[in-house]
Amino acid sequence: MPLIRLDGIDKVFGGDGDGPDGTTRALDKVTLDIDRGEYISVSGPSGCGKSTLLSILGLLDAPTAGRYWFAGRRVDQLAPGEKARLRNVDVGLIFQSFNLIGDMTVYENVEYPLTLRGVSTADRKARVDSALERVGLAPRAKQRPGSLSGGHQQLVAIARAIAGQPPIVLADEPTGNLDSKAGEAVMQMLEELHAGGATICIATHDPRHIARTQRHIYLFDGRVVPEPVA
């Protein structure tokens, strides 16, 4: 079985949607396999469901219908605590919301998931120091996220994912808040993680980033469809 298998995944949000009952169908019967070690990009127009798909892959959200297997285990019906444990060990998340803890320093934000996993003090220090050095934030290790720009907060989230050494990294527009130089450095880091055996899945609008991946998935109105010919 592949690392990830989605079978008929739907995601419907209630509220002020454009559906007949006021709902919004963000994903519509998505069926998808992702093999270990793949480097995949997901693109599509705004509102096509890219971020929702990554949230479900990262166990941050649950599908309305359909089945999800991760490493051979059915995970869509797991309790929230079980999902959190699995996510903390096996998934590196680089999302636009950053999900940083405001009353922790940059160093502590990167270290915290490792603490939850029971990683030793010495190993935590080595991983955090290395990750912050790689993203150029070692001098800002004692600052809090609120004192950083959006671009620097994005780099903290990337450092946290790198430090965890997860088998899969999910990145939602990982260079969206960065200048071109920092963005290129991030893409190189993702390529290094992939070369080391990690599975990478990025959502992006940038054709240059899509060209660097092994497989491209195009979403339109929540469905996986062939990419339109330019």
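The structure under discussion appears in the preceding block.
Quick caveat: nothing in here was measured; it's all calculated off a predicted structure.

Another aspect to go through is the state of the cysteines. Scanning the entire structure with this criterion turns up zero disulfides. Left without a disulfide partner, Cys-48 is nearest to the cysteine sulfur of Cys-201, which lies 12 Å away.

Glancing now at the pairing of strand 6 (residues 91-94). With burial as the criterion, each face of strand 6 is covered, one bearing Val-91 and Leu-93 and the other bearing Gly-92 and Ile-94. As paired elements, strand 6 and strand 7 (residues 168-172) share four bridges and run parallel to each other. When the sheet's bridge partners are listed, Ile-94 is paired in strand 7 with Ala-171.

If the charged atoms of two oppositely charged side chains come close together, the side chains can form a pair. Within the structure shown, the criterion is met by 16 salt bridges. Between Glu-82 and Arg-73 there is a salt bridge, with the nearest N and O atoms lying 3.4 Å from each other. Here Glu-111 makes a salt bridge to Arg-124, at a shortest N to O gap of 3.0 Å. Taken together, the residues Glu-111 in helix 3 (residues 106-116) and Arg-124 in helix 4 (residues 121-134) connect sequence positions 13 residues apart. There is no split in this pair, since Glu-111 and Arg-124 are both buried. Through salt bridges with shared partners, a single ionic network connects Asp-28, Lys-29 and Arg-223.

A word on the packing of helix 3 against helix 4. Two numbers describe how helix 3 lies on helix 4: the axes approach to 10 Å, and their chain directions differ by 135°. Classified by the angle their axes make, helix 3 and helix 4 are oblique. Handedness of the crossing formed by helix 3 with helix 4: right-handed. In this structure, helix 3 contributes Val-106, Tyr-107, Val-110, Glu-111, Leu-114 and Thr-115 to the contact, and helix 4 contributes Arg-124, Lys-125, Arg-127, Val-128, Asp-129 and Leu-132. Its residues assigned to classes, the contact of helix 3 with helix 4 comprises six nonpolar, one polar and five charged.

Moving on: the sheet that holds strand 2 (residues 24-34). One open sheet accounts for four strands, arranged 2-1-4-5; its pairing is antiparallel. If you trace the sheet from one side to the other, it starts and ends with strand 2 and strand 5 (73-74), each paired once. Bridge count between strand 1 (residues 4-13) and strand 2: seven bridges; the pairing is antiparallel. Residue pairing for strand 2: Leu-6 is matched across the bridge by Leu-32.

What the six strands build is an open sheet, ordered 6-7-8-3-9-10; its pairing is mixed. Strand pairing shows two members of the sheet lacking a second neighbour, strand 6 and strand 10 (223-224), which therefore form its edges. By the bridge criterion, two bridges tie strand 9 (residues 215-220) to strand 10 in an arrangement that is antiparallel. Paired with Leu-219 across the strands is Val-224, a residue of strand 10.

This part is about the packing of helix 3 against helix 5 (residues 150-164). For the pair helix 3 and helix 5, the least separation of the axes is 9 Å and the interaxial angle reads 35°. Once helix 3 is placed against helix 5, the crossing between them reads as right-handed. Contacts between helix 3 and helix 5 involve Val-106, Asn-109, Val-110, Pro-113 and Leu-114 from the first element and Val-156, Ala-159, Arg-160, Ala-163 and Gly-164 from the second.

Cut-off values and rules
- Residues numbered from 1 in each chain as written.
- Predicted model: local features only at pLDDT ≥ 70, side-chain atom pairs only at ≥ 80, totals over all residues.
- Heavy atoms only, no water.
- Disulfide = S-S within 2.5 Å.
- Buried < 20%, exposed > 50% of the residue type's maximum accessible area, 1.4 Å probe, protein only.
- Helix = DSSP H or I, 4+ residues; strand = E, 2+ residues; numbered from the N terminus.
- Pairing = 2+ DSSP bridges.
- Salt bridge = Lys/Arg side-chain N within 4 Å of Asp/Glu carboxyl O.
- Axes fitted to C-alpha atoms, helices over the stretch in contact; angles between N-to-C directions.
- Parallel < 35°, antiparallel > 145°, perpendicular 65-115°, else oblique.
- Left-handed = near helix turned anticlockwise from the far one by under 90°.
- Contact = heavy atoms within 4.5 Å.
- Nonpolar A, V, L, I, M, F, W, Y, C, P; charged D, E, K, R; others polar.

So, to be careful, I would describe these as geometric facts and stop short of saying anything about function.
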